[in-house]
Amino acid sequence: QVQLVESGGGLVQPGGSLRLSCAASGVILDYFAIAWFRQAPGKERERVSCISSSGQETYYADSVKGRSTISRDNAKNTVYLQMSNLKPEDTAVYYCAAVWVSRVYTAACVHDYSDWGQGTQVTVSS
């Protein structure tokens, strides 16, 4: 059983930055592909960013491209999403998700994720 706990959310002014963390327990993340999703009230869930198990491949949605960096520290069993130049439209609950993959699977994103965290709220407002 993999447990994922997000942290780092909060109230941020437009133009500000923050770093979200996704800490895992119960498994070692070396063989897991990880993604960040977000969901705002009244909107569909959006895939924000993905990272391959090795960390070599990454993906960013157009809405956050150029403002975000996904990274992982497998020694700490943690994945991060660094966001800058935050906009009010970034306001959402942010979730991390994980799925086991073979070491030969090198793509950043996976169609289905098996384990999800509870989410952390990000609010961008003056």
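In what follows, the accompanying structure is described. Starting afresh in each chain, residues are numbered from 1 along the sequence in its written order. pLDDT decides what is reported in this predicted model: residues at 70 or higher carry local features, side-chain atom pairs at 80 or more are listed and counted, and totals for whole chains, interfaces and linings draw on all residues regardless. Remark: hydrogens and water are excluded; side-chain values derive from all non-hydrogen atoms of the structure.

## Remarks on the packing of aromatic side chains
Note on aromatic pairs: the rings of Phe, Tyr and Trp (six-membered ring only in Trp) are paired at centre separations within 6.5 Å, and the planes decide the class, stacked below 30 degrees, edge-to-face beyond 60, tilted for the rest. Applying the stated criterion across every chain yields a total of 2 aromatic pairs. Ring centres 5.8 Å apart and planes at 80° place the aromatic pair Phe 37 and Tyr 113 in the edge-to-face group. With a gap of 76 residues between them, Phe 37 in strand β4 (residues 32-39) and Tyr 113 in the loop between β9 (92-100) and β10 (115-116) connect regions that are remote in the sequence. Accessibility classification places Phe 37 together with Tyr 113 in one group, the buried group. Pairing Phe 37 with Trp 116 gives two aromatic rings, centres 4.8 Å apart and planes at 45°, and the pair type is tilted. Of the two residues, Phe 37 is situated in strand β4 and Trp 116 in strand β10; the sequence distance between them amounts to 79 residues. Its relative accessible area of 8% is what places Phe 37 among the buried residues. Through a chain of ring-to-ring contacts, the aromatic side chains of Phe 37, Tyr 113 and Trp 116 assemble into a single cluster. Under the DSSP-based scheme used, a helix requires at least four consecutive residues in state H or I and a strand at least two consecutive residues in state E, with every element numbered from the N terminus. Burial status follows relative accessibility: with a 1.4 Å probe on protein chains alone, a residue under 20% of its type maximum counts as buried, one over 50% as exposed, and anything between as partly exposed.

## Overview of the state of the cysteines
Our working definition of a disulfide is a cysteine sulfur pair at a distance within 2.5 Å. According to the stated counting rule, one finds 2 disulfides in the structure shown. Between the sulfur atoms of Cys 50 and its disulfide partner Cys 109 the distance amounts to 2.1 Å. Across the disulfide from Cys 50 to Cys 109, rotation about the S-S bond amounts to roughly 100°, and the bridge is consequently right-handed. Taken as a pair, Cys 50 in strand β5 (residues 46-51) and Cys 109 in the loop between β9 and β10 lie far apart in primary sequence, 59 residues in all.

## Quick word on the side chain of Ser 68
Along the polypeptide, Ser 68 turns up in strand β7 (residues 68-73). Residue classification places Ser 68 among the buried residues on the basis of a relative accessible area of 8%. Whether two residues are in contact is decided by their heavy atoms, any of which lying within 4.5 Å being enough. Every residue in contact with Ser 68, bar those within four places of it in the chain, is listed here: Tyr 60, Leu 81, Gln 82 and Met 83.

## Describing the sheet that holds strand β3 (residues 18-25)
Within a sheet, neighbouring strands are paired by backbone hydrogen bonds and run either parallel or antiparallel to one another. Between any two strands, at least two bridges found by DSSP are needed for them to pair. Strand order in the open sheet formed by 4 strands is β1-β3-β8-β7, with antiparallel pairing between adjacent strands. Among the strands making up the open sheet, the edge pair consists of β1 (3-7) and β7. The mean angle between the axes of side-by-side strands here comes to 15°, regardless of whether they run parallel or antiparallel. Inspection of the sheet shows β7 paired to strand β8 (residues 78-83) by 6 bridges, in the antiparallel sense. For Arg 72, the partnering residue across the bridge sits in β8 and is Val 79. The axes are straight lines fitted to the C-alpha atoms, using for helices just the contacting stretch, and the angles between their N-to-C directions are given from 0 to 180°.

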